[in-house]
Amino acid sequence: MSRPMRNVLPGDALDATDRAILNALQDGFPLTPAPFDEAGAQLGIDADDLIHRLIRLRELGAITRFGPFFDAAAMGGAFCLCAMAVPADRFDEVLTKVNAHPEVAHNYERTHKLNMWFVLATDDPDGIERTARAIEDETGLKVMLFPKLEEYFIGFRVQA
Amino acid sequence: MTAPDPGLDPVDRSIVRATQAGLPLTRAPYAAIAQQLERSEDEVIARMQAMLDRGIIRRIAIAPNHYALGMTANGMSVWDVDDGRISELGAQIGALPFVTHCYQRPRALPDWPYNLFAMLHGSDRTQVEEKRRQVEALLGDACHGQDILYSTRILKKTGLRLRDAD
């Protein structure tokens with residue numbers, strides 16, 4: 001189970017090149033035999049330097065993922081935002097049960113009566129309902145489904 | 001698990017499975033995946049390109065940990081917007097530079113009157129609240145209620161995983 005560290009990196013943890021890497025590679029990474037050479041050339045560093053910096057950035061926790069981002073819907077599956085109102089004294093127990101499902105792609109605690117918000121990503125269209133019902137059976141709590149009806153922006157960009 | 005998408009054959013699925021946790025950090029990452037799957041590098045690249053072209057792979061990229069990078073205030077702002085105006089206004093809000101992940105979603109009455117979700121990020125909540133006021137101003141009298149849910153913990157972040165049993 002993945003529970004990323006929630007620490008802010010000290011201001012001097014990343015140098016200008018690290019920040020340039022984080023900014024540039026959010027937009028894309030080459031699909032070619034020597035992609036680190038190509039991406040590095042754009043940044044003015046060689047492939048080995050880029051690879052070593054990426055390994056370090058990953059160890060520092062500055063990167064959560066590096067690789068292909070899949071669209072579950074295009075694969076015949078589905079995504080759905082879900083929410084639960086979890087009593088405080090059951091939070092850890094329910095969290096363990098929810099996160100045990102591989103369909104739970106990410107999960108956030110939020111400041112609301114609906115305090116657990118997670119995304120289900122499944123590779124078949126029935127997976128959302130099936131997983132939500134399984135979580136309800138296991139926890140005895142209602143899983144509210146908030147499927148997207150329309151998307152107004154695609155992508156996520158932070159300035160490093 | 002049966003009946004996978006006919007557009008995604010078993011070799012494509014093996015590539016999805018081999019890359020869904022991330023690319024190997026080696027000089028020739030696609031060759032490394034090809035070797036693991038006992039295919040050629042050319043075939044792996046061609047199949048991944050085809051999946052990119054078809055939108056099955058949205059992009060190959062880095063996802064930075066925005067929290068680690070100092071964007072520690074992350075609010076899911078939610079809005080009750082007139083159904084007749086939501087598409088027009090949603091597009092305007094989605095175009096704001098500080099808004100990520102802007103969606104129309106169903107209300108769940110009576111508890112949840114909100115039909116527009118817009119993620120707002122900042123280095124502290126004061127910054128996020130300023131952005132929230134900008135969204136509020138843009139929505140004007142088409143908005144009948146709002147709330148913001150700050151994230152207090154990332155509980156899991158793995159992305160899509162294909163199930164093993166298929």
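As the structure is a computational prediction, the values presented were derived from the model and not from experiment. (Residues numbered from 1 in each chain as written. Chains lettered and ligands numbered in written order. Predicted model: local features only at pLDDT ≥ 70, side-chain atom pairs only at ≥ 80, totals over all residues.)

A. Inspection of the overall build of chain B at higher detail. Scanning chain B for helices and strands turns up five helices and five strands. Starting at the N terminus and ending at the C terminus, chain B contains elements arranged as α-α-α-β-β-α-β-β-α-β. Summarising its shape, the C-alpha atoms of chain B cover approximately 60 × 35 × 25 Å along the three principal directions. For chain B, buried positions account for 33% of its 166 residues. Considering only contacts in chain B between residues 6 or more positions apart, those separated by 24 or more positions represent 61%. (Helix = DSSP H or I, 4+ residues; strand = E, 2+ residues; numbered from the N terminus. Buried ≥ 20, exposed ≤ 12 C-beta atoms within 10 Å, placed from the backbone. Contact = placed C-beta atoms within 7 Å.)

B. Highlighting the packing of helix α1 (residues 10-19) of chain B against helix α2 (residues 29-37) of chain B. Residues and elements named next belong to chain B. With their axes 10 Å apart at the nearest point, α1 and α2 run at an angle of 120 degrees to one another. By the criterion of interaxial angle, the relationship of α1 to α2 is oblique. For the pair α1 and α2, the sense of crossing is right-handed. Where α1 abuts α2, its residues Ser14, Ile15, Ala18 and Thr19 lie against Ile33, Gln36 and Leu37. A breakdown of the residues in the contact of α1 with α2 according to their chemical character gives four nonpolar, three polar and no charged. (Axes fitted to C-alpha atoms, helices over the stretch in contact; angles between N-to-C directions. Parallel < 35°, antiparallel > 145°, perpendicular 65-115°, else oblique. Left-handed = near helix turned anticlockwise from the far one by under 90°. Nonpolar A, V, L, I, M, F, W, Y, C, P; charged D, E, K, R; others polar.)

C. Just the nonpolar core, in detail. If you look at the biggest cluster of nonpolar residues, it comprises 57 residues, and the most contacted ones within it are A:Ala62, A:Cys82, A:Met116, A:Phe118 and A:Leu120. Among the elements that make up this core, the one with the highest residue count is strand β4 (residues 116-122) of chain A (six residues). Non-local contacts of A:Phe118, meaning those with residues more than four positions away in its chain, are made with A:Cys82, A:Val98, A:Val104, A:His106 and A:Asn107. Within the second largest apolar cluster, 21 residues are counted, among which are B:Ile86, B:Tyr114, B:Leu120 and B:Leu149. (Core = buried A, V, L, I, M, F, W, Y, C linked by C-beta atoms within 7 Å.)

D. Quick look at the sheet that holds strand β3 (residues 104-110) of chain A. Taking strand neighbours across the sheet as the criterion, the nine strands line up as β5(A)-β2(A)-β4(A)-β3(A)-β5(B)-β2(B)-β4(B)-β3(B)-β6(A) in an open arrangement whose pairing is antiparallel. Sheet topology places β5 (144-146) and β6 (150-151) of chain A at the edges, where each strand pairs with a single neighbour. Sheet topology places strand β2 (residues 73-81) of chain B next to strand β5 (residues 143-157) of chain B; seven bridges connect them, and they run antiparallel. Paired with B:Trp79 across the two strands is B:Gln146, which belongs to β5(B). Strand contacts of helix α4 (residues 86-94) of chain B: β6 of chain A together with β2, β3 (99-104) and β4 (116-122) of chain B, with the helix running at about 165 degrees to β3(B), the strand carrying the most contacts. Docked against the sheet, helix α5 (residues 125-139) of chain B engages β2, β4 and β5 of chain B, running at close to 20 degrees with respect to β2(B). (Pairing = 2+ DSSP bridges.)

E. Up close: the interface of chain A and chain B. Taken together, the contact between chain A and chain B spans 66 residues of the former and 70 residues of the latter. Put simply, the parts of the chain that give the side of chain A that touches chain B at least two residues each are α1 (16-27), α2 (35-43), α3 (47-60), β1 (63-70), α4 (91-99), β3, β5 and β6 of chain A.

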